[in-house]
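One letter stands for each residue in the lines below.
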Amino acid sequence: MDLKSLKKPENCESLIQVTNLKFQYPRSTFELHIPELQIGDGEKVAVIGPSGSGKTTLLNILSGIIVAETGQVEFNGQQINTMSDSELRNLRVKQIGFVFQDFKLLEYLNVYDNILLPYRINSSMPGVSGRGSKARELCEHLGVGDKLSKYPKHLSHGEKQRIAISRALINDPPLVLADEPTGNLDPDNKALILEILFKMSDANNSTLITVTHDHELLDGFDRIIDFADFQKRAAL
Amino acid sequence: MKDSIYLAYRYLTYNRVRSLVLTFSVAIIIFLPVGLKRLISESEDQMLSRANSTPLIAGKKGSPTDLVINTLYFQQEKIETLTMDYAAILDETGFGYSIPVMSSYSARGFPIVGTSLDYFDFRNLSPESGRLFGVVGECVIGFNVARRLDLQAGDSLISSPESFFDFAGVYPLKMDIVGVLDHSNTPDDDAIFVDVKTTWIIMGLGHGHQDLVQVYDPTIVLERSDSTVTAGAKLFMYNQIDPENLDEFHFHGDINSYPITSIIFIPENQKASALLRGRIESGEIDNQLVVPTLVVDNLLQSIFRIKQIFNSVFVIVGLAVSLIFGLVIALSLRLRKDELYTMFTIGSGKRKIAQIIGMELLLLVVISALISGIMYFITGFFIDEFINAFII
């Protein structure tokens, strides 16, 4: 584990390549500047750092929610900066799975429908028919197979996060972005959720980028990017 | 599109209380003006058809509207009466024939209409069961009276006393029901028809009692002479007319001076009608002869003005409800900002999100329209009763 490295390991293909990225929010003095960042295929990367250091902004840039003014962001060899809105939407729904700190499950959909949501909100996705068995399989695998007909309000936080992970993985994306996925969980569930993310990442050979404040849970990651350190480097 | 409908449906059913309140608010706003339009239109049709089928009505001078409403719809508002001989006077003109109407009393909430048998021919009314009345004391009841009071030919019906505390006033008369009229979908369905003489008996102008020639009890017969017998309050008065006591019923005085509320006059032709109206308007002082169509037309003009006021009110209420609807949606979108951003993050386009929200609104409006359509449909079943109960 190389705490300070911003380059991918020699032995894996590059999934994400960031070069000379600069981003600043309107009316803000904070500027995110990443001279170079590589993340390899199948890597499990933790992003740590103080609040406001730009960790979530990085995830938003990597997923095309925010488009950086300068620099290059490549995903699987494709330039994200130059993609149209519709291309960015398709990239997110097909190639990226999202896991959030507060789960972001839709309260009016049951577990089954929440997991299949990506298939319903983007017309470029195939229909939901035939995806039910995958949703059931994921839920069984994550230990929430008996919750398919339940609504989020009837689930514990740990169960909600497992459902959110199922939603993120329903279409086998090559990249999973997890923003503080353990932030709302008790210590037992924190370890369990990370274990699940690692296992699923291994099983699908997907890249996992996790923003976290839980330094005691960093052991399982292949690489840790510390934004505090990174900021210092950027400032040099 | 299918997915947008599905998500919209899920959202609406999950928030069912909010959805129901919005749906019914919109449904009522759609239904009210349409329903009122139908109600007024049906009322106009029914009122005009009843008025059009009644050529002329004679009555005591006063409000022509009250006279027409009392004669056509048997409303129990007290109107001044004219005397029975006026019917004979009209008949003697040779312009047509008259039908007396006496509508001042009721039985169990339904008007008792004293008239002649000509009334049934004139209105094309025939009994569904039984027969028309033949003698005093018999009555034939309308279709709705029979249905609501669960009565049939062979039963009896007692006229309502005017006041429970007026012992000297109108005594209840037990009337034999001899027939039930066919359903006509007119105010005749809600009336009890008797011979006009029966209404005079109800009034107390005619009565039946023990034969005083045969009674010698001094507590009953107070004074006896060759020509008159004076009886006291102990004298037994009949409250039902049957074959045994029919001959004991009699009227005091000249029945031509007895009251009727109005006369329906059927002229031979339009010329006869015009001539009679001219003669009455130029010579008659106490009585009036009105054309019901003209009176009802005037009444409908007033209703039309009220309808216009209602329409304006509905527009304002509709605008207010639309604003509240918009506010509820705007607040709801603000509350759902996080949810919509989640959809955007995981790959939904803004257009798709707008489509889902639009579908929710469309479903609400379509369901509201359906509900108001059902309300409109159901209104059709009760509109006649509603018109008879509240409008006419």
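Residues numbered from 1 in each chain as written. Chains lettered and ligands numbered in written order. Predicted model: local features only at pLDDT ≥ 70, side-chain atom pairs only at ≥ 80, totals over all residues.

(A) Inspection of the overall build of chain B at higher detail. Each helix and strand in chain B was counted, giving 11 helices and 16 strands. A buried classification covers 33% of the 392 residues belonging to chain B. Partitioning the intrachain contacts of chain B with sequence separation of at least 6 by distance along the chain shows that 75% fall at a separation of at least 24. (Helix = DSSP H or I, 4+ residues; strand = E, 2+ residues; numbered from the N terminus. Buried ≥ 20, exposed ≤ 12 C-beta atoms within 10 Å, placed from the backbone. Contact = placed C-beta atoms within 7 Å.)

(B) Structural detail: the confidence of the model for chain A. When the pLDDT values of chain A are averaged, the result is 83; 91% of them are 70 or greater. By mean pLDDT, helix α8 (residues 227-235) of chain A is the weakest element of chain A at 60, and helix α3 (residues 111-115) of chain A is the strongest at 92. (pLDDT = per-residue confidence, 0-100.)

(C) Quick look at the sheet that holds strand β3 (residues 44-48) of chain A. All names here are of chain A. Strand order in the open sheet formed by 5 strands is β6-β7-β8-β3-β9, and the pairing between neighbours is parallel. Only two strands of the sheet have a single partner each, and these edge strands are β6 (96-100) and β9 (223-226). Across the sheet, the mean angle from the axis of one strand to that of its neighbour is 15°, orientation sign disregarded. The strands touched by helix α7 (residues 187-204) are β3, β7 (175-179) and β8 (207-211); relative to β8, the strand with the most contacts, the crossing angle is about 155°. (Pairing = 2+ DSSP bridges. Axes fitted to C-alpha atoms, helices over the stretch in contact; angles between N-to-C directions.)

(D) Here's a closer look at unusual backbone geometry. At N205(A), a position not held by glycine, the phi torsion is positive, near 55°. A tally of 10 C-beta atoms within 10 Å means that N205(A) is categorised as exposed. Even without being glycine, N124(B) reaches a positive phi, approximately 55°. Note on placement: N124(B) falls in the loop between α5 (118-122) and β5 (127-130).

(E) Structural context of the nonpolar core. Residues V47(A), V73(A), V99(A), A164(A), I165(A) and L177(A) are the most contacted members of the largest nonpolar core, which totals 79 residues. If sequence neighbours within four positions are ignored, I165(A) has contacts with V99(A), L142(A), I196(A), L197(A) and M200(A). Of all hydrophobic cores here, the second largest spans 63 residues; its members include L90(B), V113(B), F120(B) and I263(B). (Core = buried A, V, L, I, M, F, W, Y, C linked by C-beta atoms within 7 Å.)

(F) Examining the packing of helix α6 (residues 157-169) of chain A against α7(A) more closely. All names here are of chain A. One can describe the packing of α6 onto α7 by two numbers: an axis separation of 10 Å at closest approach and a directional angle of 15°. The angle between the axes of α6 and α7 places the two elements in the roughly parallel class. As for how α6 packs across α7, the hand of that crossing is right-handed. The segment α6 lies against α7, with H157, G158, Q161, R162, I165 and L169 engaging N189, L192, I193, I196, L197, M200 and N204. Among the residues making up the contact of α6 with α7, the classes are represented as 7 nonpolar, 5 polar and 1 charged. (Parallel < 35°, antiparallel > 145°, perpendicular 65-115°, else oblique. Left-handed = near helix turned anticlockwise from the far one by under 90°. Nonpolar A, V, L, I, M, F, W, Y, C, P; charged D, E, K, R; others polar.)

(G) Expanded view of the interface of chain A and chain B. Across the contact, 15 residues belong to chain A and 16 residues belong to chain B. Those elements giving two or more residues to the side of chain A that touches chain B turn out to be α2 (85-95) and α4 (117-120) of chain A. Looking at side-chain class alone, the side of chain A that touches chain B contains 8 nonpolar, 2 polar and 5 charged residues.

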